[in-house]
Each structure stands twice: as C-alpha cells, then as structure tokens.
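One letter stands for each residue in the lines below.
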Amino acid sequence: MFIRGARSWAAANPPEAGSGEATARAQSADEAHLLQLVRRVQAGELAAFEQLYEATREDAARTLRHLVGNRVEVEDLLQETYLRLLTAVKGFRGESRFRTFLYRVCSNVALSHLRWKRRRPEDSFAEPPEVVAPGEDPERAAERRQAARLVEAALEKLKPKKRIVFVYHELCGMSPDEIAVAVGSSVNTVRSRLHHARVEFTEAMQRLVVARPVGGSHGRP
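Quick summary incoming for the structure in this document. (Residues numbered from 1 in each chain as written. Predicted model: local features only at pLDDT ≥ 70, side-chain atom pairs only at ≥ 80, totals over all residues. Heavy atoms only, no water.)

**Here we look at helix H8 (residues 176–183)**
Move 1: For H8, a buried count of six out of eight residues is recorded, marking the element as mostly surrounded by other parts of the structure.
Move 2: Listed as buried for H8 are Pro176, Glu178, Ile179, Ala180, Ala182 and Val183.
Move 3: Packed against the buried residues of H8 are helix H5 (98–118), helix H7 (160–171) and helix H9 (187–211).
Move 4: Positive phi appears at Gly184, one or two residues downstream of H8, with a value of about 70 degrees. (Buried < 20%, exposed > 50% of the residue type's maximum accessible area, 1.4 Å probe, protein only. Helix = DSSP H or I, 4+ residues; strand = E, 2+ residues; numbered from the N terminus. Contact = heavy atoms within 4.5 Å.)

This is the structure:
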C-alpha cells in the first residue's frame with residue numbers, strides 16, 4: 001500500500017512513456033544519440049556538451065527531485081551535476097548505458113547533499129510546490145498533495161544510501177543491476193539496502209499516517 005503511494009507520488013514526474021518494442025527502439029535510438037554526443041565531447045567539442053545537457057537535463061532534474069525532495073533548489077544541484085559530468089564523461093567507456101552513467105553522477109551529488117542536510121536539523125521538512133493537473137478535481141488534488149507530503153516526510157527518515165536505492169527502484173523504475181552500476185555497489189548490496197529501505201519506509205509511513213491522518217491541517221476538515 002505505502003510503496004504504491006510512493007509510486008503515485010512519482011507519477012507527477014513520470015519517466016518517458018511507452019512500452020514494448022516501440023519503447024526499446026526509442027531507447028536504443030536515444031542511447032545511440034547520446035553516445036554520439038559523448039564521443040564528440042571526448043574529442044574536445046564543447047558545443048556537443050551543451051547538446052548533451054539539453055538532451056538529458058529534464059531526466060536529470062526529475063531524478064534529482066526524487067532523490068533529494070522538491071524543497072531544494074534543483075537548479076543548483078543540476079549545475080553541480082553537469083560540472084562533475086563535464087570531467088567524468090572523459091572516462092566513460094560505454095560499459096553501461098550513458099543514462100546509467102548520468103544517474104551515477106546524480107547519485108553522488110544527491111548523496112553529498114543528503115549527508116549535508118542530515119547534519120542540519122534546523123532544515124526541517126517543507127512542503128513540495130503545489131502542482132495542479134489541468135482539469136483535476138480540487139478535492140482529489142488536495143489529497144494527492146497530502147500524499148506527496150507524507151511520502152517526502154517518510155523518505156526523510158531513510159539514510160542517504162538507502163533513500164537513493166529506494167528512489168531509483170521504486171520511483172525511477174531501475175533494476176537492481178542498473179542501480180548497482182549507478183551507485184557503484186554490488187547487486188547484493190543494492191538488494192539489501194532496498195529491502196531495508198522498503199521496511200523502514202513502510203514503517204515511517206504508518207507512523208505518519210497515524211500522526212497526521214488524511215483530513216488534518218492540510219486536508220479536509
């Protein structure tokens with residue numbers, strides 16, 4: 001139930017749509033395009049890095065929002081991500097998908113930020129910005145926003161490494177194998193962190209639902 005709630009929260013910024021062979025072809029074409037840009041960057045074409053940025057910026061921003069929450073200035077983290085990527089991309093050899101390589105840079109930036117944030121208890125939970133879908137029922141929108149607040153608060157309870165694995169798997173739809181590459185850990189370590197993160201997330205959500213039931217200060221009277 002609570003894991004489904006996390007996935008519903010992610011639906012506001014969904015991954016690229018599609019399924020089956022059409023999706024596979026699109027992903028293959030996308031990866032080929034990115035690899036072409038990477039090779040040009042490695043050859044010293046800085047203009048190609050701008051194109052690489054434009055091609056991946058939305059994905060990186062969405063990933064960072066999931067990893068660190070909506071309440072941070074994602075633009076600042078994006079800038080740090082691409083500054084790191086400009087150096088890191090020189091060592092990319094194609095052992096994984098480029099987007100997986102990008103997710104590794106995102107996870108490193110997010111991990112540094114989350115560790116910094118945990119040392120600042122005064123930076124308490126703040127609500128994510130309200131986004132209302134066109135034509136959405138106001139009452140349903142209010143319930144969705146409250147669910148988003150609960151999910152974000154539960155994610156705050158996870159230690160950084162567990163949070164990153166949980167978000168990549170449950171919200172970004174990545175496999176344990178791909179996550180292992182993205183975070184630089186073994187698959188077994190990823191599976192272990194994911195198991196514990198799921199348990200801790202569910203327990204945190206249960207406590208939050210009891211403490212802040214639907215219809216509270218942010219819900220219906």
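The rest of the description comes next.
**Description of the nonpolar core**
Move 1: Formed by 53 residues in total, the largest nonpolar core has its most connected members in Leu52, Leu67, Leu85, Phe98, Ile164, Tyr168 and Phe201.
Move 2: Put simply, the parts of the chain that give this core at least two residues each are helix H2 (20–42), helix H3 (46–68), helix H4 (74–88), H5, helix H6 (138–156), H7, H8 and H9.
Move 3: No other element matches H5, which puts ten residues into this core. (Core = buried A, V, L, I, M, F, W, Y, C linked by side-chain atoms within 4.5 Å.)

**What to know about the packing of H3 against H7**
Move 1: Look at H3 against H7: their axes get within 9 Å of each other, and the N-to-C directions meet at 125 degrees. If you check the angle between H3 and H7, you find them oblique. As H3 packs across H7, the resulting crossing turns out to be right-handed. Counting all contacts with H3, which are made through Thr63, His66, Leu67 and Val68, the residues of H7 involved are Arg163, Ile164, Val167, Tyr168 and Leu171.
Move 2: Tallied by class, residues from the contact of H3 with H7 come to six nonpolar, two polar and one charged. (Axes fitted to C-alpha atoms, helices over the stretch in contact; angles between N-to-C directions. Parallel < 35°, antiparallel > 145°, perpendicular 65-115°, else oblique. Left-handed = near helix turned anticlockwise from the far one by under 90°. Nonpolar A, V, L, I, M, F, W, Y, C, P; charged D, E, K, R; others polar.)

**Description of the packing of aromatic side chains**
Move 1: In this structure the tally under the stated criterion is seven aromatic pairs.
Move 2: Put simply, the rings of Phe49, Tyr53 and Tyr82 touch in pairs and so form one group of aromatic residues. (Phe/Tyr/Trp six-rings, centres within 6.5 Å; stacked < 30°, edge-to-face > 60°.)

**Focus: H5**
Move 1: The terminal C-alpha atoms of H5, which comprises 21 residues, lie 30 Å apart, in line with the 30 Å expected from a rise of 1.5 Å per residue.
Move 2: Across the 21 residues of H5, 15 count as buried, placing the element largely inside the fold. (Expected span 1.5 Å × (residues − 1).)

**What to know about the environment of Lys117**
Move 1: Mapped onto the elements of the fold, Lys117 is located in helix H5.
Move 2: Looking at Lys117, the relative accessible area reads 8%, which means it is buried.

**Some details on the pattern of salt bridges**
Move 1: Applying the stated rule across the entire model yields eleven salt bridges.
Move 2: Across the pair Asp30 and Arg99 runs a salt bridge, and its minimum N-O distance is 2.9 Å. Highlighted residues: Asp30 in helix H2 and Arg99 in helix H5, separated in sequence by 69 residues.
Move 3: A salt bridge links Glu156 to Arg163, with the shortest nitrogen-to-oxygen separation between them at 3.5 Å.
Move 4: When salt bridges with common partners are traced through the structure, they connect Asp30, Asp59, Arg62 and Arg99 into a single cluster. (Salt bridge = Lys/Arg side-chain N within 4 Å of Asp/Glu carboxyl O.)

Function cannot be read off these values alone, since they describe shape.
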